[in-house]
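Chain by chain, the residues run as shown.
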Amino acid sequence: MPDVKQQLTAARCRDDFPILNRHVHGKPLVYLDNAASSQMPLQVMEAYRDYHSRYHANVHRGVHQLSQQATDAMEAGRESLRRLINAADAKEVIFTSGTTDAINLVMQSWGRTQVAPGDEIILSTMEHHSNIVPWRMLCDEKKAVLKVIPVTDDGELDLEAYESLLSPRTRLVSIVHVSNTLGTVNPVKQITRMAHARGVPVLVDGAQAVSHMPVDVQDLGCDFYAASGHKMFGPTGIGLLYGKKEHLEKMPPWRGGGDMILSVSFDEILYNELPYKFEAGTPHIAGAIGMGKAAEYLMTLGYEEIQKQEKDLLDYATQQLTAVDGVRIIGTAREKSAVVSFVVDGIHPHDIGTILDFEGVAVRTGHHCTQPLMERYGLTATTRASMAVYNRREEIDLLVHALREAIKVFR
Amino acid sequence: MMDSKTSEIYKQVVLDHNKTPRNYRILDPAMYEAAGHNPLCGDRYHVYLNVDDSGIITDITFSGDGCAISKASASMMTSMLKGKTVTEAEKMFHQFHEMAQGKRDPETDPGDLGRLKVFAGVRNLPARVKCATLSWHTFHAALKGEKKVTTE
């Protein structure tokens, strides 16, 4: 058996993603909407299929062979994810339906028991709505206050302002690791250190990070870390919440049901241990297996390969798009992931998106679920090209070509 | 070379109305006024109109910003509706709506649509139908005395 690691490289991985061979409107697909959802490799599809065709059953319940196999596969998936983010213990990895669900878990369980009237929660201007809305809801309920770290013109967090926002009333800092709109990679380790210096826990929204850079939750030191399967080559409907055991053990369950209990009577419930306490009901077993397989895929490919390829794509796209007359890039932080948001003089992003689609180029246009950030830059929308390791320079050329065509239409 | 589907909606007349929108001003005083918002795109428009005793739209204008399809649609709508009766205008609203949703083919069943049939192409672009219909919905809401409309 040949060594898989030697075989899987950034140059070769494209073959693992069959969807990239399809055509759209008669043109070869150029998929540059990876920040919205990344594509799935054959290996993940195979694991998904394998579960359904060979050992589909419920987990943690049956004494029969299929149930045991399903349980083992799901727990192997959890272990793969533990390794991916280097959690100290697989019990600290809770399956959720995605990043949004993970943040809501922390809000409902930790937030509703820990946050009191007048307390403060620190977010930033560049948060995705999924890291704003739950906290706004909690603040409305608890009469607590949201504090917002401002963003510079380049799209970096103003850390001096952050320092001054930290107060004796700060109960939580919840911050995005990589901005889905700007591509900014935030210094979450430093942000965590600054919060911990005042005894404040930190949640990191890692939805845009895990498929692009190595994440080590122990090194970051964060208390919670959230991620989504479908943004890291895995399936939709599955995600994870990492939480330090010391927090998770103290936190009450937020959903009741089967699998999260040890014993039930009408008078008293004894809750299950971690991580099951937070996984009520039959989980998305196939999703958990698929997300675990996606983690293995990422580790086999290796972040060195991924980052080399994505850095090249980011630099090339930035250079090529900057060269187009009338294009302005939004988000020029020093540390960036392979995301390029831009606006074009006199052309609305939705018109650009439609015309690019006719050319087979899939990008995202709109506010990217970051309306406060859009407002910060005086925009209602941008066009966003977001790359993954399987993208190629030739695809950037096709994007730029299609963009020039769009500009021609409007000039 | 521009794709044929592109040219289906981004016709010269649409591009022209986007670049030089007609009746693009606030009407003050206005008997009827409403705000229209498409939360998905962020398109925002106001439509203002005055109607005389015999039910004729004596003036109709719009303000706001959005994509080319929404702005051109608002511009062409105001050009078409000025001088029409409210009843005629409401009929056109329904015909336009049917066309945008692909329920009326303006080639075989043009009704009163006239030049507005350039927007027939949006029926192939489900995500953009609301861009074309936003100003019409806003006009309709203004007449009915509803101050705000969103396309969600």
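Residues numbered from 1 in each chain as written. Chains lettered and ligands numbered in written order. Predicted model: local features only at pLDDT ≥ 70, side-chain atom pairs only at ≥ 80, totals over all residues.

Peer 1: Outline the overall build of chain A, supporting the account with residue identities and numerical values.
Peer 2: For chain A, the helix and strand inventory stands at 14 helices and 17 strands. Computed over its C-alpha atoms, the radius of gyration of chain A comes to 22 Å, within 12% of the 22 Å expected for a compact globule of 411 residues. In terms of its C-alpha atoms, chain A occupies a principal-axis envelope of roughly 70 × 55 × 35 Å. Out of the 411 residues belonging to chain A, those deemed buried represent 51%. If you take every contact in chain A between residues at least 6 apart in sequence, the share linking residues at least 24 apart comes to 71%. (Helix = DSSP H or I, 4+ residues; strand = E, 2+ residues; numbered from the N terminus. Rg over C-alpha atoms; globule rule 2.2 N^0.38 Å. Buried ≥ 20, exposed ≤ 12 C-beta atoms within 10 Å, placed from the backbone. Contact = placed C-beta atoms within 7 Å.)

Peer 1: Explain the overall build of chain B residue by residue, including any values.
Peer 2: When its secondary structure is counted, chain B shows five helices and four strands. Reading chain B from its N terminus to its C terminus gives the helix and strand order α-α-β-β-β-α-α-α-β. The C-alpha atoms of chain B give a radius of gyration of 14 Å, which matches the 15 Å a tight globule of 152 residues would have. With respect to the three principal axes, the spread of C-alpha positions in chain B is 50 × 35 × 30 Å. Looking at chain B as a whole, 45% of its 152 residues are labelled buried. Residue pairs in contact within chain B that sit at least 24 positions apart in sequence constitute 61% of those at least 6 positions apart.

Peer 1: Which residues make up the interface of chain A and chain B, and what are the values?
Peer 2: Think of interface size as the accessible area that goes away when the parts come together; that is how it is often given. The interface of chain A with chain B comprises 15 residues on the first partner and 15 residues on the second. Elements with a contribution of two residues or more to the side of chain A that touches chain B: helix H12 (349-358) and helix H14 (393-410) of chain A. Take the side of chain A that touches chain B: its biggest share by element is five residues, from H12(A). Partitioning the side of chain A that touches chain B into residue classes produces five nonpolar, seven polar and three charged. (Nonpolar A, V, L, I, M, F, W, Y, C, P; charged D, E, K, R; others polar.)

Peer 1: Talk me through the domain arrangement of chain A; I want residue IDs and the actual numbers.
Peer 2: Residue and element names in this part refer to chain A. When the domains of chain A are assigned, the result is domain 1 (4-41 + 302-410) and domain 2 (47-300). The C-alpha centroid of domain 2 is placed 27 Å from the C-alpha centroid of domain 1. Counting from both sides, the interface comprises 32 residues of domain 1 and, opposite them, 27 residues of domain 2. Those elements giving two or more residues to the side of domain 1 that touches domain 2 turn out to be helix H1 (4-7), helix H11 (303-322), strand E14 (339-344) and helix H13 (371-376). Ranked by residues supplied to the side of domain 1 that touches domain 2, first place goes to H11 with four residues. Across the side of domain 1 that touches domain 2, the residue classes tally to 16 nonpolar, ten polar and six charged. (Domains from an automatic or database assignment.)

Peer 1: Which residues make up unusual backbone geometry, and what are the values?
Peer 2: Residues and elements named next belong to chain A. Of the consecutive residues Leu274 and Pro275, the connecting peptide bond is found in the cis state with omega at -5°. As for its placement among the helices and strands, Pro275 is situated in the loop between strand E12 (269-271) and helix H10 (285-301). For His25, which is not glycine, the phi dihedral falls at a positive 50°. Tracing the backbone through its elements, the reader meets His25 in the loop between strand E1 (23-24) and strand E2 (27-28). At His368, a residue that is not glycine, the phi angle is positive and equals roughly 55°. A tally of 23 C-beta atoms within 10 Å means that His368 is categorised as buried.

Peer 1: Which residues make up the sheet that holds strand E17 (residues 382-386) of chain A, and what values go with them?
Peer 2: Residues and elements named next belong to chain A. Spatial ordering of the open sheet is given by E13-E14-E17-E16, a layout of four strands whose pairing is antiparallel. Whereas interior strands pair on both sides, the edge strands pair on one side only; in this sheet they are strand E13 (327-330) and strand E16 (364-366). Here the average twist between neighbouring strands, direction ignored, is 30°. Strand direction decides the pairing type here: E16 and E17, joined by three bridges, are antiparallel. Bridging from a neighbouring strand, Thr365 pairs with Thr383 of E17. Strands in contact with H11 are E13, E14 and E17; relative to E13, the strand with the most contacts, it is inclined by about 145°. (Pairing = 2+ DSSP bridges. Axes fitted to C-alpha atoms, helices over the stretch in contact; angles between N-to-C directions.)

Peer 1: Report on the sheet that holds strand E4 (residues 93-96) of chain A, specifying residues and quantitative values.
Peer 2: Residues and elements named next belong to chain A. Taken in spatial order, the seven strands make up an open sheet running E4-E10-E9-E8-E7-E5-E6, and their pairing is mixed. Edge positions in the sheet fall to E4 and strand E6 (145-149), since each has one partner strand and no second. Each strand of the sheet is rotated relative to its neighbour by a mean of 20°, with strand direction disregarded. One ladder, built from four bridges, connects E4 with strand E10 (residues 239-243); its direction is antiparallel. Note on E10: the bridge partner recorded for Phe95 is Leu240. Contacting E4, strand E9 (224-228) and E10, helix H3 (residues 65-85) crosses the sheet at an angle of about 115° to E4.

Peer 1: Lay out the pairing of strand E7 (residues 170-176) of chain A in plain terms, naming residues and giving numbers.
Peer 2: Residues and elements named next belong to chain A. Within E7, six of the seven residues are buried, which leaves it mostly tucked inside the rest of the structure. Pairing analysis gives three bridges linking strand E5 (residues 120-124) to E7, with the strands arranged parallel. If you follow Ile122 over to E7, its bridge partner there is Val173. With four bridges connecting them, E7 and strand E8 (residues 202-205) associate as parallel partners. Note that in E8 the partner of Ser174 across the bridge is Leu203. Chirality of the crossover, the property in question, places the unit of E7, helix H7 (residues 188-196) and E8 among those that are right-handed. (Right-handed = clockwise from strand over helix to strand, strands pointing away.)

Peer 1: Kindly report on the packing of H12(A) against H14(A), identifying the contributing residues and their values.
Peer 2: Residue and element names in this part refer to chain A. In the contact formed by H12 and H14, the axes pass within 9 Å of each other and the chain directions differ by 125°. By the angle class used here, H12 and H14 are oblique. Along this stretch, H12 crosses H14, giving a crossing that reads as right-handed. The segment H12 lies against H14, with Ile352, Ile355 and Leu356 engaging Ala402, Leu403, Glu405, Ala406 and Val409. Looking at the contact of H12 with H14 residue by residue, the classes come out as seven nonpolar, no polar and one charged. (Parallel < 35°, antiparallel > 145°, perpendicular 65-115°, else oblique. Left-handed = near helix turned anticlockwise from the far one by under 90°.)

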